[in-house]
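# Tertiary structure, described
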Amino acid sequence: MAYYIFVTGGVLSSLGKGVASASVASLLEEQGLRVNLQKLDPYLNVDPGTMSPYQHGEVYVTEDGAETDLDLGHYERFTSVVMTKRNNITAGKVYYNVIKREREGGYLGATVQVIPHITDEIKSLIRELDRDCDVLVVEVGGTVGDIEGLPFLEAVRQLSMEVGKNRVLFIHTTYVPYVKTAGELKTKPTQHSVKELRAIGIQPDIILCRSEFELPEGIKEKIALFTNVDKSAVISAKDVEYIYEVPLLFKEQGLDRLICERFSIPYRHVESKWEKVVHILKSAREEVKVALVGKYVSLKDAYKSVVEALNHGGIANGVRVRIIWVDSERCEEELLEEASGILVPGGFGERGTEGKVKALSYGRLSKKPTFGICLGMQLMCVEFARNVLGLERANSTEFDPFTPHPVIDIMENQKNIKELGGTMRLGSYACVLREGTKAREIYGREVVYERHRHRYEFNNTYREAFEANGAVFSGLSPDGRLVEIMELKDHPWYMGCQFHPEFKSKPFEPHPLFVSFIGACLKAKAQ
Ligand code: GLN
């Protein structure tokens, strides 16, 4: 049976609980422990697949095709764990399971209630994961005090009793604001939030305090006193420039040692792998600018994995990546001119697509490195059809169902499926790379597996015309029917992929396409 670490959040949201949980897990992995992580989300959607990025940020896709919370992306980037659909539980999923069972007669005779039926279901979904790891880090989404989070907190409280207190730790993340007029960091919100947590029967063992500045000893003492936690367990989590600094920040304050001691696990002195990454990021002198053309640029969380993958490409090339956010509805050309490379990420819906086509056109003609991901690749094909093949009004049927030139279309066998999400190609699929192409050279392999999340595909009717005019379909599905990668012959770096390479990039295993793209941007900058 595993040890459990429950991470709760107080005071306000967006405190970086996901990065904190991932950092804790990564430090424990460096101790030689097998870790796993799970995110509990209190909303009623069964998964975040149907939610707007404005509501929820990026939807992270796992190998097995689950559409999950973006924190799972942090979990994969920080550790070696491969996430699955079981690693993200929502209140919607829990209620769905319980109600389905009730309809099937699974509770005959009983009144089905939040306690015990909902809480039991939560506990069993958590315990499904504790078999193949030494430590399971469970991040409880939401903020303590919210009504909707209560069944989850009650479930983890019960679980802590069942597995035994010596196998469980509660980490509470809070916010310690700096009040300018008083010139002071204030502990009151933390005190109140812990009080709230204790009222529902949970005494935190460790408090992680997010703040603008490092907490002085006096403030740590005060928090310790009011929250009934050892002073050494009050950890300062000041704002940092790069998220990869967070594990080091925790390690400096002995958080990994503290957790090992509490679990009676021997502690080893190891040099953290994060030292090297942070060193590269901080010492990089050169900067390369990449224009990211999207419609959610006001909410940076919507492109989390893309941004991180670009950073990984930067780390591999020893440079800093600066993103120029380009709103696809306006698509100002000066911004594209300023950048050394252009990236058009994935997306759904028509808004902003014409701006993206414009940006891709600029990238093709200016010969700047241009990278299209999923929708970005589809729009590369639309742009090529319109401006190279002269097929005016060419489009994807997602945006113009009556286009005379549907270069991107839904496959015939998908057309009869009604359930939303049912027609999507989700998760990992094989892609075969053609010899002699840029993609094959970059990957250095014949077959790769990449994650998908899309409904539309390249329309094969147009393959010949494309190829006769300088497009290369360098990656195809194993049966040759689906286009996975499109590149251009007479361009230094113009590549679109139907999959999402950003989901598989890690600081220590940067994705080859991002490494190559940033390398090409560097070259373009030097010219
Ligand atoms: N909207 C497009 C499709 O469904 C692209 C999806 C994406 O970019 N993830 O095919």
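The rules behind these values
- Residues numbered from 1 in each chain as written.
- Predicted model: local features only at pLDDT ≥ 70, side-chain atom pairs only at ≥ 80, totals over all residues.
- Heavy atoms only, no water.
- Helix = DSSP H or I, 4+ residues; strand = E, 2+ residues; numbered from the N terminus.
- Rg over C-alpha atoms; globule rule 2.2 N^0.38 Å.
- Buried < 20%, exposed > 50% of the residue type's maximum accessible area, 1.4 Å probe, protein only.
- Contact = heavy atoms within 4.5 Å.
- Core = buried A, V, L, I, M, F, W, Y, C linked by side-chain atoms within 4.5 Å.
- Pairing = 2+ DSSP bridges.
- Axes fitted to C-alpha atoms, helices over the stretch in contact; angles between N-to-C directions.
- Near = heavy atom within 4 Å.
- Polar contact = N/O pair within 3.5 Å; in protein donor to acceptor, adjacent residues only side chain to side chain.
- Areas by Shrake-Rupley, 256 points an atom, 1.4 Å probe, with all protein chains shown as cover.
- Salt bridge = Lys/Arg side-chain N within 4 Å of Asp/Glu carboxyl O.
- 1 Å grid on protein atoms, 1.4 Å probe; cavity = no way out; pocket = protein on both sides within 12 Å on 5 of 7 lines; lining within 4 Å.
- Points joined across faces, edges and corners; volume = space filled by probe spheres on them.
- Nonpolar A, V, L, I, M, F, W, Y, C, P; charged D, E, K, R; others polar.
- Phe/Tyr/Trp six-rings, centres within 6.5 Å; stacked < 30°, edge-to-face > 60°.

### Things to note about the overall build of the protein chain
- Of regular secondary structure, the protein chain possesses 18 helices and 23 strands.
- Taking 2.2 N^0.38 as the reference for a compact globule, 527 residues should give roughly 24 Å; the C-alpha atoms of the protein chain span a radius of gyration of 25 Å, in line with that estimate.
- Dimensions of the protein chain, computed from the C-alpha atoms along their principal axes, are close to 70 × 65 × 45 Å.
- Counting all 527 residues of the protein chain, 59% fall into the buried class.
- Intrachain contacts of the protein chain at a sequence separation of at least 6 include 72% that bridge at least 24 residues.

### Here we look at the nonpolar core
- I5, I206, F250, L255 and I259 are the most contacted members of the largest nonpolar core, which has 57 residues in total.
- If sequence neighbours within four positions are ignored, I5 has contacts with V24, L28, V135, L136, V137, V138, L169, I171, I259 and F263.
- The next biggest cluster of nonpolar side chains, apart from the first, holds 39 residues, and it includes C331, V344, F466 and A471.

### Quick notes on the sheet that holds strand 2 (residues 35-41)
- Within the open sheet, the 7 strands sit side by side as 5-2-6-1-7-10-11. Their pairing is parallel. With partners counted over all chains shown, the strands left at the sheet margins are strand 5 (88-90) and strand 11 (234-238), one partner each. The sheet shows a mean angle of 20° between the axes of neighbouring strands, taken without regard to direction.
- Pairing of strand 1 (residues 3-9) with strand 6 (residues 135-140) involves 5 bridges; the strand directions are parallel. Opposite I5, over in strand 6, you have V137 as the bridge partner.

### Re the site of the ligand
- Neighbouring residues of the ligand: G346, G347, F348, C374, L375, Q378, E398, R453, H454, R455, Y456 and H500.
- H500 places a side-chain nitrogen or oxygen 3.2 Å from a nitrogen atom of the ligand.
- Relative to its unbound accessible surface of 290 Å², the ligand loses 99% to contact with the protein.
- At the level of elements, helix 15 (375-387) and strand 19 (447-454) are the ones that each hand at least two residues to the shell around the ligand.

### Focus: the environment of V483
- Checked against the element boundaries, V483 lands in strand 22 (residues 483-488).
- The contact partners of V483, leaving out residues within four places of it in the chain, are M377, F458, N460, R463, F473, G475, L476 and Q498.

### A look at the environment of S26
- Structurally, S26 can be placed in helix 1 (residues 17-30).
- In the structure, S26 is positioned 366 residues away from E392 in sequence and 52 Å away in space, judged by C-alpha atoms.
- Sequence-distant contacts of S26, defined by excluding residues within four places in its chain, comprise F78, T79, P247 and W274.
- Within polar-contact distance, the side chain of S26 engages the side chain of W274 at 2.9 Å.

### Remarks on the pattern of salt bridges
- The tally for this structure, following the rule as stated, stands at 42 salt bridges.
- Its salt-bridge partner being K123, residue E162 comes within 2.7 Å of it at the nearest N-O pair. Remark: K123 occurs in helix 5 (residues 114-127) and E162 occurs in helix 6 (residues 150-163); sequence separation between them is 39 residues.
- Here K289 and E338 are joined by a salt bridge, their closest N and O atoms 3.3 Å apart. Placement of K289 in strand 12 (residues 287-294) and of E338 in helix 13 (residues 333-338) is noted, with a sequence separation of 49 residues between them.
- Of the residues examined, K289 reaches a relative accessible area of 23% and is grouped as partly exposed.
- Connected through salt bridges with shared partners, the residues K39, D41, D69, D71 and E139 form a single ionic network.

### What about the sheet that holds strand 18 (residues 425-433)?
- If you trace the 9 strands from one edge of the open sheet to the other, you get 13-12-14-15-23-22-21-18-19, paired in mixed fashion. The strands lining the two open edges of the sheet, one partner per strand, are strand 13 (320-327) and strand 19. Adjacent strand axes in the sheet meet at a mean angle of 25° when their direction is disregarded.
- Here helix 18 (residues 512-526) sits on the sheet and contacts strand 12, strand 13, strand 14 (341-344), strand 15 (370-373) and strand 23 (494-497); the angle it forms with strand 12, its principal contact strand, is near 115°.

### Remarks on empty space enclosed by the protein
- All chains considered together, the criterion is met by 1 cavity of 30 Å³ or more.
- Considering the residues around the largest cavity, the lining is formed by T8, G9, V140, G141, G142, T143, V144, D146, G149 and L153.
- Partitioning the lining of the largest cavity into residue classes produces 3 nonpolar, 6 polar and 1 charged.

### Structural notes on the pairing of strand 22
- Here strand 22 lies mainly inside the structure; 6 of its 6 residues are buried.
- Note that strand 21 (residues 471-476) and strand 22 share 4 bridges and pair antiparallel. Residue pairing for strand 22: L476 is matched across the bridge by V483.
- Between strand 21 and the antiparallel strand that follows it, strand 22, lie 6 residues; G480 among them carries a positive phi value of about 80°.
- As paired elements, strand 22 and strand 23 share 3 bridges and run antiparallel to each other. Residue pairing in the sheet places M486 in a bridge with G496 of strand 23.
- Here strand 22 hands over to strand 23 after 5 residues, the two strands then running antiparallel side by side.

### Overview of the packing of aromatic side chains
- All told, the structure shown has 19 aromatic pairs when counted by the stated rule.
- Here F78 and Y244 contribute two aromatic rings whose centre-to-centre distance is 5.4 Å and whose plane-to-plane angle is 40°, an arrangement assigned as tilted. Of this pair, F78 sits in helix 3 (residues 71-78) while Y244 sits in the loop between strand 11 and helix 9 (246-252); the two residues are 166 residues apart in sequence, bridging distant segments of the chain. Like Y244, F78 is buried.
- When the centroid spacing of 6.0 Å and the interplanar angle of 35° are considered together, the rings of F466 and F473 count as tilted.
- The class for F466 is buried, based on a relative accessible area of 0%.
- An aromatic cluster of at least three residues, connected via ring pairs, comprises F78, Y244, W274 and F508.

Read these as geometric descriptors, not functional statements.
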